[in-house]
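Spelled out from the first residue to the last, the chains are:
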Amino acid sequence: MFYGVTLNSRLMLGTAQYPSPAILQQAIAASGVEVITVSLRREGRGGADFRRLIAETGCRILPNTAGCHTAAEAVTTAHMAREVFGTNWIKLEVIGHADTLQPDPFALVEAARTLCADGFEVFPYTTEDLILGEKLVEAGCQVLMPWGAPIGSGQGLRSIEGLRSMRAHFPDIPLVVDAGIGAPSQAAQAMELGYDAVLLNTAVAKALDPVAMAGAFGQAVSAGQMAAEAGLMPRRDMAAASTPIFGLAEL
Amino acid sequence: MRVEVNGEGMVPRANTLAELLLDCGFETAAVATAVNGQFVPRGARVGHRLADGDRIEVLSPMQGG
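This text gives an overview of the structure that appears in the document. From a predicted model like this one, the values you see are computed outputs, not experimental measurements. (Residues numbered from 1 in each chain as written. Chains lettered and ligands numbered in written order. Predicted model: local features only at pLDDT ≥ 70, side-chain atom pairs only at ≥ 80, totals over all residues. Heavy atoms only, no water.)

## Quick word on the nonpolar core
By size, the foremost hydrophobic cluster in this structure holds 79 residues, and its most contacted members are Phe2, Met12, Leu92, Val122 and Leu200 of chain A. Counting residues per element, this core draws most heavily on helix α3 (residues 71-85) of chain A, at 8 residues. Apart from residues lying up to four places away in sequence, Phe2 of chain A is in contact with Leu7, Arg10, Met12, Trp89, Phe123, Val143, Pro174, Val176, Asp196 and Ala197 of chain A. Counting 13 residues, the second-largest nonpolar core is a separate cluster that includes Leu17, Leu20, Val35 and Val40 of chain B. (Core = buried A, V, L, I, M, F, W, Y, C linked by side-chain atoms within 4.5 Å. Buried < 20%, exposed > 50% of the residue type's maximum accessible area, 1.4 Å probe, protein only. Helix = DSSP H or I, 4+ residues; strand = E, 2+ residues; numbered from the N terminus. Contact = heavy atoms within 4.5 Å.)

This is how it looks when you write it as structure tokens:
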């Protein structure tokens, strides 16, 4: 449940960097996603066409505050997004450094506190830091979105054990791996760790065939979710024969 | 009076934010506005008088990740 909303598809897709609007539209359809992320930028040519396109997808919109570097910028952007999209959902990004695109944890908590108090339903882009996660939950966040790796890097889950700890530390908070995923296997891995969803953009948009890759990610996330629900076997350090010894011939 | 609209300097004929948006040809129902970094809700545009040096941002949905 993401702020009271149940999602069948646990993949969330960004809408940037696709070769064309038509391919974006087909990729959304092929992925089966119910949530897409969208930004706010200066109104210019093509704005009306894009508004029509996102309305036609029928998806729930998760507006973001991408590009904001201060809490004040993010809060203003969130208010503008709420008016334009008519939703309290906001993917809160407060970037700490232009090169790493790592979140600024201090400004993130400050902005989250302000927005939650103002009725927003905040999806904070954070790290796997547990104390930061606690501060965000105290601020009123009911979802946390740790990064897998730096945005757009396609490195996958850089800190698997950290993400595993985070899952164990916040058993009742929906957790979404946001950013850094490069391949469907990595998205499946996040779901196998018990994460509730995966949010990505570049891995689909920059694939040779974004529509086919969107489908691959949709299936991988679904497979990972099934695997997590089915319960993975415990890992062992040594081999353990799967074929029974009983009845073995003496030759 | 001189203001900036989405980073471009101009001398507006309008006195209010609502008039300015119309003069500039924006689709007023589809955009969100901020003046000097502060959000100005749709309903407050009519009463929002422009001042010299105002930095006005007019934003709309765009591709994002």
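More follows now that the structure is in view.
## Brief notes about the state of the cysteines
All names here are of chain A. Per the counting criterion, the structure on display carries 0 disulfides over all chains. Summary of cysteine pairing: Cys68 is not part of a disulfide, and the nearest cysteine sulfur, belonging to Cys141, is at 16 Å. When its relative accessible area of 6% is taken as the criterion, Cys68 is described as buried. (Disulfide = S-S within 2.5 Å.)

## Points about unusual backbone geometry
All names here are of chain A. The phi dihedral of Tyr3 falls on the positive side, at around 50°, and the residue is not glycine. Along the chain, Tyr3 turns up in the segment before β1 (11-14). Overall, the relative accessible area of 12% leaves Tyr3 in the buried class. In this model, Ala179 sits at a positive phi of 90°, which is unusual for a non-glycine residue. By the secondary structure assignment, Ala179 is in the loop between β7 (176-178) and α7 (184-192).

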